[in-house]
There are 2 protein chains.
Amino acid sequence: MKKPEEQFLDYLARKRLKNTSQRMTILKAFLRQKSHLSTEDFYLQLRKKHPGIGYATVHRTLKLFSECGIASERNFGDGQMRFEVNLGNEHHDHLVCTDCGRIIEFEDQQIEKLQRDIAHKHNFFIKDHRLELYGLCSDCHATGQQSVS
Amino acid sequence: MKKPEEQFLDYLARKRLKNTSQRMTILKAFLRQKSHLSTEDFYLQLRKKHPGIGYATVHRTLKLFSECGIASERNFGDGQMRFEVNLGNEHHDHLVCTDCGRIIEFEDQQIEKLQRDIAHKHNFFIKDHRLELYGLCSDCHATGQQSVS
DNA sequence: CACGATATTGAAAACGGTTTTCAACCTATA
DNA sequence: TATAGGTTGAAAACCGTTTTCAATATCGTG
């Protein structure tokens, strides 16, 4: 498994794209954050340290990350695109707290297996999948109190 | 289990909302279609027979369906909101063909069970979930040919 | 049945996030 | 270092969703 930096540089070379300071800055910041930030949030975060980098560049660079395989686009249905670092090998899914926004990752080989079975039954070739459980995380339902808004 | 029409009328009464001809027209059209149409597509479809009904009304009425429980909002990550009729009782998930757009429904009690197990392990209270498998349906990968576009 | 309070409608505008445009500016290569 | 061609940031365009608003329809009441 190649390191993300290499993977990105290789991709740039292969596509005859250029290695710019902005792209490197964004790459470093992206690898450092381990959360599931929306483009907007990531941009705001980045802007604190690097006010010169524009939103368009951030957006374009995140898409490059996705294209070269070091990131995945996620969409939790809140109208914002999110990018997450592709760490390992294993696919993982998400628990999304609808109260505080916390996102918990999990993986389950049994579920993955059942998904393959279903695809097979329908003669369907799976390219990707997503599984998200929406609800209240331990912090938000523990005490019985819920947001009243 | 109440019939969808009743369920909707009850909801209107309960909320002191009014029973208008547009709402009834949209309800009938919505129950007739069994697909997973986007608001846009549903509106275009409806407009053929009922040119007088505006997009805003369609949109607002579909949201009412969702609120009163006879419809569910779906989001397959293509930037369009989709509504589907809530037929029965059982939750179901989707196979989405990325080539022809076909959507196949399925349900699997084992997967549902595993999801509950995972939620329990994380002390997470599930309100909703979604599982989508993206790939090629039997028609689109059977012959080995893929869209070239 | 007619009235009047209030909800609803359709068109257009506003909105919010994403994507494109474009002129100025870099980067890589020779 | 010259140059061709990719990149940048700001602003505008875009696209689906949501709101606004004046005109209209509905429903409970007198």
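Before going into details, it helps to say that this report is about the structure given with it.

About the thresholds
Residues numbered from 1 in each chain as written. Chains lettered and ligands numbered in written order. Predicted model: local features only at pLDDT ≥ 70, side-chain atom pairs only at ≥ 80, totals over all residues. Heavy atoms only, no water. Pairing = 2+ DSSP bridges. Helix = DSSP H or I, 4+ residues; strand = E, 2+ residues; numbered from the N terminus. Axes fitted to C-alpha atoms, helices over the stretch in contact; angles between N-to-C directions. Contact = heavy atoms within 4.5 Å. Core = buried A, V, L, I, M, F, W, Y, C linked by side-chain atoms within 4.5 Å. Buried < 20%, exposed > 50% of the residue type's maximum accessible area, 1.4 Å probe, protein only. Salt bridge = Lys/Arg side-chain N within 4 Å of Asp/Glu carboxyl O.

An order of β4(A)-β3(A)-β5(A)-β5(B)-β3(B)-β4(B) is seen for the six strands of this open sheet, with the pairing classed as mixed. Looking at the sheet topology across the chains shown, the edges are occupied by β4 (103-106) of chain A together with β4 (103-106) of chain B. Across the sheet, the mean angle separating the axes of adjacent strands is 20 degrees when strand polarity is ignored. Sheet topology places strand β3 (residues 93-97) of chain B next to β4(B); four bridges connect them, and they run antiparallel. Its bridge partner lying in β4(B), B:His94 is registered against B:Glu105. Packing against the sheet, helix α5 (residues 109-121) of chain A makes contact with β3 (93-97) and β5 (125-136) of chain A together with β4 and β5 (125-136) of chain B, and its axis sits at approximately 130 degrees to β5(A). Lying on the sheet, helix α5 (residues 109-121) of chain B is in contact with β4 and β5 of chain A together with β3 and β5 of chain B; it crosses β5(B) at an angle near 130 degrees.

What follows deals with the nonpolar core. With 28 residues, the main nonpolar core has A:Phe124 and B:Phe124 as its most contacted residues. Looking at this core, the elements with two or more residues in it are β3, β4, α5 and β5 of chain A together with β3, β4, α5 and β5 of chain B. Every residue in contact with A:Phe124, bar those within four places of it in the chain, is listed here: A:Ala119, B:Leu95, B:Val96, B:Cys97, B:Ile104, B:Leu133, B:Tyr134, B:Gly135, B:Leu136, B:Cys137 and B:His141. Grouped together as the second largest cluster of nonpolar side chains are 23 residues, A:Phe8, A:Phe65, A:Ile70 and A:Val85 included.

Residue and element names in this part refer to chain B. Under the defined criterion, the tally for this structure stands at 14 salt bridges over all chains. Among the salt bridges present, the one from Arg82 reaches Asp78, with a minimum N-O distance of 2.7 Å. Looking at Arg82, the relative accessible area reads 14%, which means it is buried. With a relative accessible area of 40%, Asp78 lands in the partly exposed category. Asp139 is the salt-bridge partner of Arg102, the closest N and O atoms lying 4.0 Å from each other.

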